[in-house]
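Listed here are the chains, written in short residue letters.
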Amino acid sequence: MSHALKEAECAYRAKEVPVGAVVVHQGAIIGRGHNQVETMHDPTAHAEMIALTAAAAHLGSKWLKDCMLYVTMEPCPMCAGAIVLSRIPTLVFGCFDPKMGACGTLYTIPEDKRLNHQVHVIGGVLDAECGMIMKEFFATKRKVKKQ
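Keep in mind it's a predicted model, so treat the numbers as computed, not measured.

Conventions adopted
Residues numbered from 1 in each chain as written. Predicted model: local features only at pLDDT ≥ 70, side-chain atom pairs only at ≥ 80, totals over all residues. Heavy atoms only, no water. Pairing = 2+ DSSP bridges. Helix = DSSP H or I, 4+ residues; strand = E, 2+ residues; numbered from the N terminus. Phe/Tyr/Trp six-rings, centres within 6.5 Å; stacked < 30°, edge-to-face > 60°. Core = buried A, V, L, I, M, F, W, Y, C linked by side-chain atoms within 4.5 Å. Buried < 20%, exposed > 50% of the residue type's maximum accessible area, 1.4 Å probe, protein only. Contact = heavy atoms within 4.5 Å. Right-handed = clockwise from strand over helix to strand, strands pointing away. Axes fitted to C-alpha atoms, helices over the stretch in contact; angles between N-to-C directions.

Trainee: Please provide a residue-by-residue account of the pairing of strand 2 (residues 28-34), values included.
Mentor: Sheet topology note: the strand 1 (residues 20-25)/strand 2 ladder contains six bridges and is antiparallel. Looking at strand 2, one finds that Val-23 is bridged to Gly-31. Between strand 1 and strand 2, which pair antiparallel and follow one another directly, the connecting turn spans two residues, one of which, Gln-26, has a positive phi of 50 degrees.

Trainee: Which residues make up the packing of aromatic side chains, and what values do they have?
Mentor: Scanning the model with the defined rule gives three aromatic pairs in all. Ring geometry for Phe-137 against Phe-138: centres 5.0 Å apart, planes inclined by 85 degrees, an arrangement best described as edge-to-face. Taken together, the aromatic side chains of Tyr-12, Phe-137 and Phe-138 make up a single cluster linked through ring pairs.

Trainee: Break down the nonpolar core for me, citing the residues and quoting the values.
Mentor: One finds Val-23, Leu-52, Leu-64, Leu-69, Val-71 and Leu-91 to be the most contacted residues of the largest nonpolar core, which totals 35 residues. The set of elements that each furnish at least two residues to this core consists of helix 1 (2-13), strand 1, helix 3 (47-59), strand 3 (67-73), helix 4 (77-86), strand 4 (90-95) and helix 5 (127-146). Counting residues per element, this core draws most heavily on helix 3, which supplies five residues. Leaving out residues up to four positions away in the same chain, Val-71 has contacts with Met-1, Val-19, Gly-20, Ala-21, Glu-48, Leu-91, Val-92, Phe-93 and Gly-94.

Trainee: If you had to explain the pairing of strand 3 to someone new, which residues and values would you point to?
Mentor: Consecutive residues of a regular strand have side chains that alternate between opposite faces of the sheet. Summarising burial for strand 3: five of the seven residues are buried, a large majority. Relative to strand 3, strand 1 runs antiparallel, the two being bridged by five bridges. Note on strand 3: the bridge partner recorded for His-25 is Cys-67. Of the strand pairs in this sheet, strand 3 and strand 4 are connected by five bridges, and their pairing is parallel. Directly across from Val-71, in strand 4, lies its bridge partner Phe-93. Running through helix 4, the crossover from strand 3 to the neighbouring parallel element strand 4 is right-handed.

Trainee: I'd love a proper account of the sheet that holds strand 5 (residues 120-122), names of residues and values included.
Mentor: If you walk across this open sheet you meet the five strands as 2-1-3-4-5, and the pairing is mixed. Looking at which strands have only one partner, the edges of the open sheet turn out to be strand 2 and strand 5. When strand polarity is set aside, the average angle formed by the axes of neighbouring strands in this sheet is 15 degrees. Helix 1 rests against strand 1, strand 2 and strand 3 of the sheet, and its axis sits at about 145 degrees to strand 1.

Everything listed is a geometric property; what it means functionally is a separate question.
What follows is the structure, encoded as structure tokens:
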């Protein structure tokens, strides 16, 4: 998760919502990403999507069956769907997302038995650290908006 936090810091410096993600395969990071929605002018450029794409390219496969995904914030519905489609067996995330969380908060997409693949979800890992960068980002953004 510490590597995902480093990715979130990259997003923060780029004035993006500070979410970071890494995909690990056999103990090595094979995909990493941070939010680039503003930079790329792309609503799908979430940290998870970028990390999944990089990992799939690295493995030369759309299936990430022997991988783990670490994300600093609970994935949204789009990313949760992509996680299921990638066949990742385990998702670990940091802080919960009360507005868009689709991995236990608002929805439970990765563990939905109606889908053809379920993902084991572990939430709240380094919750305080992952939440703090989000709080700092939005506090700074609100302060700048007032000026």
